[in-house]
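Structural features, examined
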Amino acid sequence: MHVLIVEDEIPLAAEVRSYLEKEGFSCDEAHTGKIASDKIFSNTYDLLLLDLGLPDYEGIDLLRESIANKSSAAIIILSARSALEDRIKGLNVGADDYLPKPFSLLELKSRIMAVMRRKHGIRTNILNINNLEIDLDKRLVSSQGTLITLTRKEYDILSFLILNKNRVVTRLQISEHIWGDIIEENYNSNYIDVHIKNLRKKLSEYIEGDFLETVRGIGFQFIE
Ligand code: CA
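Residues numbered from 1 in each chain as written. Predicted model: local features only at pLDDT ≥ 70, side-chain atom pairs only at ≥ 80, totals over all residues. Heavy atoms only, no water.

Overview of the domain arrangement of the protein chain
How big an interface is tends to be stated in terms of the accessible area lost upon association of its parts. On domain assignment, one finds that the protein chain holds domain 1 (2–119) and domain 2 (126–222). When domain 1 packs against domain 2, the two sides together hide about 880 Å² of surface, and 38% of this comes from carbon and sulfur. Sorting the residues of domain 1 by area buried against domain 2 places His-2, Gly-24 and Met-113 first, and these three jointly supply 37% of that buried surface. Here domain 1 and domain 2 share one salt bridge between them. For the pair domain 1 and domain 2, the interface holds five residue pairs in polar contact (both at pLDDT 80 or more). Contributing elements (two or more residues each) for the side of domain 1 that touches domain 2: strand 2 (26–30) and helix 5 (105–119). Among the residues forming the side of domain 1 that touches domain 2, the class breakdown is two nonpolar, five polar and six charged. (Domains from an automatic or database assignment. Buried area = accessible area lost by both parts, 1.4 Å probe. Salt bridge = Lys/Arg side-chain N within 4 Å of Asp/Glu carboxyl O. Polar contact = N/O pair within 3.5 Å; in protein donor to acceptor, adjacent residues only side chain to side chain. Helix = DSSP H or I, 4+ residues; strand = E, 2+ residues; numbered from the N terminus. Nonpolar A, V, L, I, M, F, W, Y, C, P; charged D, E, K, R; others polar.)

Some details on the coordination of the calcium ion
Only Asp-8 (OD), Asp-51 (OD) and Gly-53 (O) from the protein coordinate the calcium ion, and they sit 2.2 to 2.4 Å from it. Along the chain, the residues that donate to the calcium ion are spaced as D-x42-D-x1-G. On the criterion of sequence distance, the pair formed by Asp-8 in the loop between strand 1 (2–6) and helix 1 (10–22) and Gly-53 in the loop between strand 3 (47–51) and helix 3 (59–68) is long-range, its members being 45 residues apart. Residue Gly-53 is classed as partly exposed on the basis of its relative accessible area of 27%. (Donors = N, O, S within 2.8 Å, 3.2 Å for Na, K, Ca; no water. Buried < 20%, exposed > 50% of the residue type's maximum accessible area, 1.4 Å probe, protein only.)

Quick word on the sheet that holds strand 1
Read across the sheet, five strands follow the order 2-1-3-4-5 without closing on themselves; strand pairing throughout is parallel. Both outer strands of the open sheet, strand 2 and strand 5 (97–100), are each paired with one neighbouring strand and no more. With strand direction ignored, the average angle separating the axes of adjacent strands in the sheet is 20 degrees. Where strand 1 meets strand 2, five bridges bridge the pair, whose relative direction is parallel. (Pairing = 2+ DSSP bridges. Axes fitted to C-alpha atoms, helices over the stretch in contact; angles between N-to-C directions.)

Here is the structure:
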């Protein structure tokens, strides 16, 4: 999951980033509204963590921009401004949640998981599909009690495909979700194919039939 942290307090941005990266997220930072605006325009994020009080930009305008920009990212406002008015304004403009500063990193993660569950229309962090159990919080995949050992990238790709099950996910979407904006030319390379091949091999012991379809020239689809 690719997250943009928009925060002008650089130590706080670094703290959030280091925590979320340990939890398996891929993160990008913007310390000004201008940089955030450019990044939102040119990259695809699953989630924006948005500080409302930026030196060069009204956070609310950034929120409006990213929504007008048809960004599909979920948005959580982070702000020291505990004023009810700001909170209501943010939510009305289209933010998914609001977390007043200071916040605990554990709470931040729970809010992120809740927002992502709502985005994908699921109620719990445990998904059951095709004989698999995926624990989105612990990032574990098992089948009837047997833990299936996946690499970090394999897990990222599998959970992304499963959250978008029965829909074709393009190579570009996978690349952006997994690697962020750092590897633009690689979505055409065979990195993704290698991971998909390994996933098929590891999971075929537990799932029958063709559960992970290649859609030629486009991408992949997890079939429930
Ligand atoms: Ca600030």
